[in-house]
Amino acid sequence: NAGVTQTPKFQVLKTGQSMTLQCAQDMNHEYMSWYRQDPGMGLRLIHYSVGAGITDQGEVPNGYNVSRSTTEDFPLRLLSAAPSQTSVYFCASSPLGRNYGYTFGSGTRLTVV
Amino acid sequence: AQSVTQLDSHVSVSEGTPVLLRCNYSSSYSPSLFWYVQHPNKGLQLLLKYTSAATLVKGINGFEAEFKKSETSFHLTKPSAHMSDAAEYFCVVSSLSNTGNQFYFGTGTSLTVIP
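Residues numbered from 1 in each chain as written. Chains lettered and ligands numbered in written order. Predicted model: local features only at pLDDT ≥ 70, side-chain atom pairs only at ≥ 80, totals over all residues. Heavy atoms only, no water.

## Here's the deal with the side chain of Asp-85 of chain B
All names here are of chain B.
Link 1 in the chain: Here Asp-85 lies in the loop between β9 (73-78) and β10 (87-97).
Link 2 in the chain: For Asp-85, a relative accessible area of 3% translates into the label buried.
Link 3 in the chain: Contact partners of Asp-85, with chain neighbours within four places excluded, come to Phe-63, Lys-78, Ser-80, Leu-111 and Val-113. (Helix = DSSP H or I, 4+ residues; strand = E, 2+ residues; numbered from the N terminus. Buried < 20%, exposed > 50% of the residue type's maximum accessible area, 1.4 Å probe, protein only. Contact = heavy atoms within 4.5 Å.)

Now the structure itself:
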């Protein structure tokens, strides 16, 4: 029972490089989301999806793309990395419905130099 | 509109003394409320949740929270702090919109446990 799996755990990028953060869940959850966590700012929603083929923007979507081709996978793409994107990124999933809590991945710590 | 306010950004307690982490919420209708814990360099783990059943909710590791509608509060408590409780705690309110789940996070409370 893996839950939510994020890869990689750590990454260093140079400004302008692109990369994809991977997120996979094996719980058949419809809802998946990406957050970034920065000191003093809590968790901020980047993008979310309510099912395969459906994505929407959260609070801080600029500079990020997502797609949801399967129920299991929800990758986050950084198009052209900037130092302001240095953060810890969390993927989370839940069944649809407000009574269900999130299951979080263990996070990806990204540094952009 | 939904929102969450965690009233203390930092709380320090001595080992063996009670823990109180305060959370107030704002919700247009009956909310679902959650507390999550995040240990250093780890992901977030669900501690407990309120979903309109019993107002006193028991969670893992001896934590519990009481939903008080009249006070719009969902404070987290534990009778006796343990060193392993030192972590960041997040209060979350959930709603269901026409675009799916919406979760609103508080900014977190850092709990320090003094030996």
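That shown, we press on.
## Digging into the state of the cysteines
Link 1 in the chain: Taken as a whole and judged by the stated rule, the model has two disulfides over all chains.
Link 2 in the chain: What pairs with Cys-23 of chain A in a disulfide is Cys-91 of chain A, and their sulfur atoms sit 1.9 Å apart. Between Cys-23 of chain A and Cys-91 of chain A the sulfur-sulfur dihedral comes to about -70°; the bridge is accordingly left-handed. One end of the pair, Cys-23 of chain A, is in strand β3 (residues 19-25); the other, Cys-91 of chain A, is in strand β9 (residues 87-94), with 68 residues separating them in the sequence. For the pair Cys-23 of chain A and Cys-91 of chain A, one class covers both residues: buried.
Link 3 in the chain: Across the disulfide, Cys-23 of chain B is cross-linked to Cys-91 of chain B (sulfur-sulfur distance 2.0 Å). In this structure, the disulfide formed by Cys-23 of chain B and Cys-91 of chain B twists by about -70° around the S-S bond and is classed as left-handed. Of this pair, Cys-23 of chain B sits in strand β4 (residues 23-26) while Cys-91 of chain B sits in strand β10, and the two are 68 residues apart along the sequence.
Link 4 in the chain: Residue Cys-23 of chain B is classed as buried on the basis of its relative accessible area of 0%. (Disulfide = S-S within 2.5 Å.)

## Points about the interface of chain A and chain B
Link 1 in the chain: Counting from both sides, the interface comprises 22 residues of chain A and, opposite them, 24 residues of chain B.
Link 2 in the chain: Around 1,800 Å² of area is buried between chain A and chain B when both sides are counted, 52% of it from carbon and sulfur atoms.
Link 3 in the chain: The interface formed by chain A and chain B holds zero salt bridges in total.
Link 4 in the chain: Applying the counting rule to chain A against chain B returns three residue pairs in polar contact (both at pLDDT 80 or more).
Link 5 in the chain: Those elements giving two or more residues to the side of chain A that touches chain B turn out to be β4 (31-38), β5 (42-51) and β9 of chain A.
Link 6 in the chain: At four residues, the largest contribution of residues to the side of chain A that touches chain B is made by β5 of chain A.
Link 7 in the chain: Of the residues assigned to the side of chain A that touches chain B, the class counts are eleven nonpolar, eight polar and three charged. (Buried area = accessible area lost by both parts, 1.4 Å probe. Salt bridge = Lys/Arg side-chain N within 4 Å of Asp/Glu carboxyl O. Polar contact = N/O pair within 3.5 Å; in protein donor to acceptor, adjacent residues only side chain to side chain. Nonpolar A, V, L, I, M, F, W, Y, C, P; charged D, E, K, R; others polar.)

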